[in-house]
Amino acid sequence: MAEARSVPSTFDVDTAVAPMSPFRVLVDRQELVAFAEVIGEHDSVYSDVDIARAAGHPDVPVPPTFLFSLELRRPDPYSVIEDLGLDYRRLVHGEEEISLFSACFAGETLEFRPRISDIRSKKNGSLIFIERTTEVLRDHREIARLRNLAIVRMGTS
Amino acid sequence: VTEVDWPIGSLLGPQPLGAAERSLLARFADVSGDRNPLHLDQEAARAGGFPDVIAHGMLGMAWAARFVEGHLGVGVVRRFVARFSAPVPVGETIDCVAEVTDRTIGGAGTLLTLAVTSTLSDGLAVLQGEIDCLLEGTPSDPAA
């Protein structure tokens, strides 16, 4: 078990920086099929490539919320929280948003460009709100955008 | 042209979506890549201020998207914003209901906006959101 990090009692949102790097992901069919099964998605277009192709798709489609999972493929997904000096065990997701401009399918290579788009503190610094916005591109064209609002509870609150 | 008869005020559900069993959270961590120990390790959850592990917010979103697509068709979701208004304790069952709050008819089809709410068995809302869905075709009664 990793050594417990001390939780800072205060957090300066004005000086916080956390650069993030773009990365590429090959969408794997087996991973899509496994995800669909676990979430109880029984429409076989999501699990059977023959049925997907018969429906006019190039391969099985990406379930809309699976893009959040692909976005977690960034190297060391929690490092951004640690880079900010925060404890990810005290992190909960407040809000998530996905906008889809084009359908995505297994076999495609997608580029993710995440960035921290906003950091603010609330309730006298007891809550830190971290907003991450990620553009998803295929062949240099934006096909989706993800927004994640994480909340880190500070101190003992 | 397909008929798209989902006037404003139409309801989808309520419908049970699933139970956030411990084994399911472990499997969801594997397939989603969200391995935050809050969802897997009771000790870590306690350190985070919860009595036990809580469900992934992403699981609740995946369930809600599956629910809406089940009614309106695979691939219709164009936008989904979800606010996680309360944690989902392990073992809880989730129900979901969606209401059509807006309907715009355009060249690409009919864009429905739905207000979606997922609740625990005691009625507490844990996910509140909005889903835009683009359906092919236009309603038989555009004024409705």
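Described in the following lines is the structure provided in the data block. (Residues numbered from 1 in each chain as written. Chains lettered and ligands numbered in written order. Predicted model: local features only at pLDDT ≥ 70, side-chain atom pairs only at ≥ 80, totals over all residues. Heavy atoms only, no water.)

### Some remarks on the overall build of chain A
1) Next: A count of helical and extended segments in chain A gives four helices and five strands.
2) Next: Starting at the N terminus and ending at the C terminus, chain A contains elements arranged as β-α-α-α-α-β-β-β-β.
3) Next: If you line up chain A on its principal axes, its C-alpha atoms span 55 × 30 × 25 Å.
4) Next: In chain A, buried positions account for 52% of the 157 residues.
5) Next: Carbon and sulfur atoms make up 48% of the accessible area of chain A, which amounts to about 7,700 Å² in all.
6) Next: Looking at charge distribution, chain A has the averaged site of its 19 positive side-chain charges lying 4 Å from that of its 26 negative ones. (Helix = DSSP H or I, 4+ residues; strand = E, 2+ residues; numbered from the N terminus. Buried < 20%, exposed > 50% of the residue type's maximum accessible area, 1.4 Å probe, protein only. Areas by Shrake-Rupley, 256 points an atom, 1.4 Å probe, with all protein chains shown as cover. Lys, Arg positive; Asp, Glu negative; His and termini not counted. Charge placed at Lys NZ, Arg CZ, Asp CG, Glu CD.)

### Details of the interface of chain B and chain A
1) Next: At the interface, 33 residues of chain B touch 32 residues of chain A.
2) Next: Both faces considered, chain B and chain A share a buried interface measuring about 2,800 Å² in area, 59% of it formed by carbon and sulfur atoms.
3) Next: On the chain B side of the interface with chain A, the three residues burying the most area are Val 31, Met 58 and Val 74 of chain B, jointly 19% of the side's total.
4) Next: Viewed at the interface, chain A and chain B are joined by two salt bridges.
5) Next: With a shortest N-O distance of 3.1 Å, Glu 37 of chain A and Arg 27 of chain B are connected by a salt bridge.
6) Next: Where chain B meets chain A, there are twelve residue pairs in polar contact (both at pLDDT 80 or more).
7) Next: Elements with a contribution of two residues or more to the side of chain B that touches chain A: α1 (22-32), α3 (57-72) and β2 (77-84) of chain B.
8) Next: Two strands pair when backbone bridges link them, and strand β2 (residues 91-100) of chain A and β2 of chain B are joined in this way by five bridges, in the antiparallel orientation. The residue of β2 of chain B that forms the bridge with Ile 98 of chain A is Phe 80 of chain B. (Contact = heavy atoms within 4.5 Å. Buried area = accessible area lost by both parts, 1.4 Å probe. Salt bridge = Lys/Arg side-chain N within 4 Å of Asp/Glu carboxyl O. Polar contact = N/O pair within 3.5 Å; in protein donor to acceptor, adjacent residues only side chain to side chain. Pairing = 2+ DSSP bridges.)

### Observations regarding the side chain of Thr 134 of chain A
Residue and element names in this part refer to chain A.
1) Next: The residue Thr 134 is located in strand β4 (residues 127-138) in this model.
2) Next: In terms of polar contacts, Thr 134 uses its side chain to reach the side chain of Glu 71, at 2.6 Å.
3) Next: Among residues more than four places away in sequence, those in contact with Thr 134 are Glu 71, Phe 112, Arg 113, Pro 114, Ala 144, Arg 145 and Leu 146.

### A word on the layout of surface pockets
1) Next: Its boundaries defined by the atoms lining it, the largest pocket holds a volume of some 470 Å³.
2) Next: Around the largest pocket sit 30 residues that line it, and Val 92 and His 93 of chain A together with Phe 84, Ala 86 and Pro 87 of chain B are the ones nearest its centre.
3) Next: Counting only elements with at least two residues in the lining of the largest pocket, the list comes to β2 and β5 (141-153) of chain A together with α3 and β5 (125-135) of chain B.
4) Next: Considering only residue class, the lining of the largest pocket consists of 19 nonpolar, nine polar and two charged. (1 Å grid on protein atoms, 1.4 Å probe; cavity = no way out; pocket = protein on both sides within 12 Å on 5 of 7 lines; lining within 4 Å. Points joined across faces, edges and corners; volume = space filled by probe spheres on them. Nonpolar A, V, L, I, M, F, W, Y, C, P; charged D, E, K, R; others polar.)

### Quick notes on empty space enclosed by the protein
1) Next: Enumeration according to the criterion identifies three cavities of 30 Å³ or more in this entry.
2) Next: Looking at the largest cavity, its volume works out to about 210 Å³.
3) Next: When residues of the lining of the largest cavity are assigned to their parent elements, the largest contribution, three residues, is made by β2 of chain A.
4) Next: Of the voids in this model, the second largest cavity is the one considered here, and its volume is about 60 Å³.
5) Next: Lining the second largest cavity are Ile 39, Glu 41, Tyr 46, Pro 63, Pro 64 and Thr 65 of chain A together with Ala 62, Ala 65, Arg 66 and Glu 69 of chain B.
6) Next: The residue makeup of the lining of the second largest cavity, split by class, is six nonpolar, one polar and three charged.

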